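Letter by letter, the chains look like this.
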Amino acid sequence: MNRAPSAVVPAAAEDAPFRDDVRRALSHRGNWRCGAMLAVAAIVMMPAAYAADDLAQAIAAAAPGAVLSVTPGVHHVHLVLDQALTLDGQPGAILDGDGVGDVVRIRAAGVTLRNLTLRNSGRDLTAMNAGVYVEQGVDGAVIENNRIQDTLFGVYLDGPRQVQVIGNVITGIAELRVPDRGDGIHLWNDANCVIKGNDVSGTRDGIYDYVSHDDLIVDNHIHEVRYGVHQMYTKRETLQGNISWNNVAGMALMSSDHLRVTGNQIFNNSSYGILFNYVTYSDISGNEIHDIAQERSADSQVVDGGEGKALFVYNSEFNRIHTNYLADSSIGIHITAGSQDNHVYGNAFVDNRTQVKYVQNIAEEWSLEDKGNYWDNYLGWDLDGDGIGDVPFRPND
């Protein structure tokens, strides 16, 4: 009779313990094979980019001041840059944070990021996850000509100096509620930074500037956010040549002084063109603000406080508001809550449903050195033909 093959073991009785060990090994062989297959499957499923990315290795090996050309493709990385260097992306170079933490964190002065796509940061507001996070005390970083997509904060400046954020396109995480988003560009305790020529949309605020001074915010395009530019506790900031549309407010300027707000275009915002809350000693001039309609609720009722004001001046004093074009809005200018000693002159009020809403206990003359404002509904006369009405204009309010 044929016998099934069996393992060959020594026949001697003294080798019985060895035979028992072999039998136990053979009886568990199937389980061992299964375990090996599971281990191999786990390794195969892990993306190779997580194990080692050539970009991270190149950065680790780079000398200070090196210029690294980032190759096309998706690099799954969380970069921490702790020495001066430049990352310059070739077309199609993408840094992907896979929804966790910061995509790039800058810890050293003299870092430049340019021509890259950075995407998919984490979503932790407490940790301030960002596409690019610049740490406190890090000066001279340059972030230019990048596309920063689906990030909680686009660029977060945590107290550096002389940083340049120029020519970037920044979009937030659209699926999040507005209060759960971060800002496109967030400045905290910064100084002498240049924020120029960026396009920001789909974030909470476009540019949020807090406890900072002497920054230049110019030529940015900001849309589909809450406040286009939001200033809090800032000094000597320049906001010039920005275009802000389809937001709740074009600009919200609060608890700040010695601002220069000039040459901006603000239109099609739902509640405010520019909102001033406790702003002092500032110059607001040459801005074009129009089509500030009304913020309405789901049942089409006007939201309280959202009547559509080209300028809303609240508890603000000693400012110069001049040579602005304020048009086609529900309210041209609303001044209230102790806002006095402001010079309002040389402005053009055109086709506003209500030109002026003035809620004060004192009367003020809106002119400087005999120069008043242009009112398209002025019904007085100009007998001497000097282009200035002979009787004061008394607004509707």
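Note: the structure precedes this text.
In short, a report on the structure. None of the values given here were measured: they were computed from a predicted structure. (Residues numbered from 1 in each chain as written. Predicted model: local features only at pLDDT ≥ 70, side-chain atom pairs only at ≥ 80, totals over all residues. Heavy atoms only, no water.)

1. Overview of unusual backbone geometry
Line of reasoning, step 1. Non-glycine residue N189 carries a positive phi angle of around 55°.
Line of reasoning, step 2. For N189, the location among the structural elements is in the loop between β15 (185-188) and β16 (194-196).
Line of reasoning, step 3. A positive phi angle is found at D214, which is not glycine, with a value near 60°.
Line of reasoning, step 4. By the element assignment, D214 lies in the loop between β18 (207-210) and β19 (216-218).
Line of reasoning, step 5. Residue class for D214 comes out partly exposed when judged on its relative accessible area of 26%. (Helix = DSSP H or I, 4+ residues; strand = E, 2+ residues; numbered from the N terminus. Buried < 20%, exposed > 50% of the residue type's maximum accessible area, 1.4 Å probe, protein only.)

2. So, the packing of aromatic side chains
Line of reasoning, step 1. Counted according to the given criterion, the structure contains 12 aromatic pairs.
Line of reasoning, step 2. Between the aromatic rings of Y378 and F393, the centroid separation amounts to 6.3 Å while the plane-to-plane angle is 55°, which identifies the pairing as tilted. You can see Y378 sitting in the segment after β37 (374-375) and its partner F393 sitting in the segment after β37, a full 15 residues away along the chain.
Line of reasoning, step 3. Within the aromatic cluster, the residues linked to one another by ring pairs are F349, W375, Y378 and F393.
Line of reasoning, step 4. R226 extends its terminal NZ or CZ atom over the ring of Y227, reaching a point 4.5 Å from the ring centre. (Phe/Tyr/Trp six-rings, centres within 6.5 Å; stacked < 30°, edge-to-face > 60°. Lys NZ or Arg CZ within 6 Å of the ring centre and 35° of its normal.)

3. Quick look at the pattern of salt bridges
Line of reasoning, step 1. Applying the stated criterion across every chain, the model contains 12 salt bridges.
Line of reasoning, step 2. The salt bridge partner of D96 is R119, with a shortest N-O separation of 2.7 Å. In this pair, D96 is assigned in strand β5 (residues 93-96) and R119 in strand β8 (residues 117-119), connecting sequence segments 23 residues apart.
Line of reasoning, step 3. Residue R119 is classed as partly exposed on the basis of its relative accessible area, which comes to 24%.
Line of reasoning, step 4. Across the salt bridge formed by D205 and R226, the nearest N and O atoms sit 2.9 Å from each other. In this pair, D205 sits in the loop between β17 (199-201) and β18 while R226 sits in the loop between β20 (221-223) and β21 (227-232), placing the two residues 21 residues apart along the sequence.
Line of reasoning, step 5. Taking the relative accessible area as the measure of exposure, D205 reaches 1% and is therefore buried.
Line of reasoning, step 6. Salt bridges sharing common partners tie together D102, R105, R107 and E135. (Salt bridge = Lys/Arg side-chain N within 4 Å of Asp/Glu carboxyl O.)

4. What about the environment of Y133?
Line of reasoning, step 1. Along the chain, the position of Y133 falls in strand β9 (residues 130-134).
Line of reasoning, step 2. Y133 gets classed as buried once you look at its relative accessible area, which sits at 4%.
Line of reasoning, step 3. Considering only alpha carbons, one finds Y133 and H186, 53 residues apart in sequence, at a separation of 9.6 Å.
Line of reasoning, step 4. When residues no more than four places from it in sequence are discounted, the contact partners of Y133 are D102, V104, R105, I106, M128, Y156 and D158. (Contact = heavy atoms within 4.5 Å.)

5. Comments concerning a negative patch on the surface
Line of reasoning, step 1. A grouping of D291, D328, D351 and D376 is seen on the molecular surface, where their side chains present a negatively charged patch.
Line of reasoning, step 2. Considering the arrangement of structural elements, one finds D376 in the segment after β37.
Line of reasoning, step 3. Note on D376: relative accessible area 30%, which makes it partly exposed. (Patch = residues over 30% accessible without salt bridge, like charges linked within 9 Å, V, L, I, M, F, W, Y side chains within 5 Å. Areas by Shrake-Rupley, 256 points an atom, 1.4 Å probe, with all protein chains shown as cover. Lys, Arg positive; Asp, Glu negative; His and termini not counted. Charge placed at Lys NZ, Arg CZ, Asp CG, Glu CD.)

All we've got here are geometric facts, nothing functional implied.
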